[in-house]
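# A closer look at the structure
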Amino acid sequence: MATGNHDSFGFTAFAWRWAAATALVLISFNPSGHSWFHWVYEALSAEGLTAVHYFTGVLLLAAWTVFLVATQRSLGTLGIVILIALVGTGLWLLVDVGVIRIESRQAVTWLVLFALGLVLAVGLSWSHVWRRLSGQLEVDDDDG
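## Let's talk about the overall build of the protein
Across its full length, the protein holds four helices and zero strands. Reading the helices (α) and strands (β) of the protein from amino to carboxyl end gives α-α-α-α. Here the protein holds 144 residues, and the buried ones make up 25% of them. Of all intrachain contacts in the protein linking residues separated by at least 6 positions in sequence, the fraction that spans at least 24 positions is 68%.

This is the structure we're talking about:
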């Protein structure tokens with residue numbers, strides 16, 4: 001049995017990507033008050049920013065860059081717009097039929113953050129899904 005089979009992409013691989021994307025989103029900002037944004041905001045109003053604030057900010061910027069560039073290259077602008085519309089109207093439908101109850105601005109914020117994680121995860125996964133659906137491999141030849 002061969003190891004490292006690139007055709008083995010499945011739900012587990014997607015779930016890991018969704019977990020990583022959602023972690024990035026929630027570490028950057030979330031309504032609980034425990035995020036990089038809140039940490040920096042508190043530091044600005046107290047002792048000021050230190051090297052660790054900048055270092056973690058650059059780490060987050062690098063991670064966001066990787067996720068956003070991968071999503072842009074994989075889906076393109078139109079694909080991202082369609083995916084956001086699909087996720088947004090899907091959430092709206094779930095609220096409309098009563099599956100999800102939104103009772104506060106904080107609940108809406110959490111939903112939007114998890115939906116953003118989903119959009120990034122789909123962007124990270126789309127090349128694998130496309131290869132499975134079409135049998136075609138996407139190649140980025142714009143490196144030169």
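There is more to say, and it comes next.
## Brief notes about the packing of aromatic side chains
Evaluated as defined, the whole model comprises four aromatic pairs. Seen in terms of ring centroids, phenylalanine 37 and tyrosine 41 are 6.3 Å apart; in terms of plane orientation they differ by 15 degrees. Their pairing is stacked. With phenylalanine 37 and tyrosine 41 both in helix 2 (residues 36–45) and four residues apart, this pair spans about one turn of that helix. Relative accessible area serves as the criterion here: at 55%, tyrosine 41 is assigned to the exposed category. Within the aromatic cluster, the residues linked to one another by ring pairs are Phe29, Phe37 and Tyr41.

## Quick notes on the side chain of histidine 38
Relative to the helices and strands, histidine 38 is located in helix 2. A polar side-chain atom of histidine 38 sits 2.6 Å from a polar atom in the side chain of serine 35.

## Things to note about a nonpolar patch on the surface
Together, Leu93, Leu94, Val97 and Val99 line one region of the surface with nonpolar side chains, adding up to about 360 Å² of accessible area. The exposed category is assigned to leucine 93, whose relative accessible area is 51%.

## Considering the environment of phenylalanine 67
Mapping phenylalanine 67 onto the fold places it in helix 3 (residues 51–96). For phenylalanine 67, a relative accessible area of 13% translates into the label buried. Sequence spacing of phenylalanine 67 and leucine 24 is 43 residues, and the spatial spacing of their C-alpha atoms is 9.2 Å. The residues contacting phenylalanine 67, other than those within four sequence positions of it, are Ala20, Ala21, Leu24, Leu120 and Leu124.

The rules behind each value
Residues numbered from 1 in each chain as written. Predicted model: local features only at pLDDT ≥ 70, side-chain atom pairs only at ≥ 80, totals over all residues. Heavy atoms only, no water. Helix = DSSP H or I, 4+ residues; strand = E, 2+ residues; numbered from the N terminus. Buried < 20%, exposed > 50% of the residue type's maximum accessible area, 1.4 Å probe, protein only. Contact = heavy atoms within 4.5 Å. Phe/Tyr/Trp six-rings, centres within 6.5 Å; stacked < 30°, edge-to-face > 60°. Polar contact = N/O pair within 3.5 Å; in protein donor to acceptor, adjacent residues only side chain to side chain. Patch = residues over 30% accessible without salt bridge, like charges linked within 9 Å, V, L, I, M, F, W, Y side chains within 5 Å. Areas by Shrake-Rupley, 256 points an atom, 1.4 Å probe, with all protein chains shown as cover. Salt bridge = Lys/Arg side-chain N within 4 Å of Asp/Glu carboxyl O.

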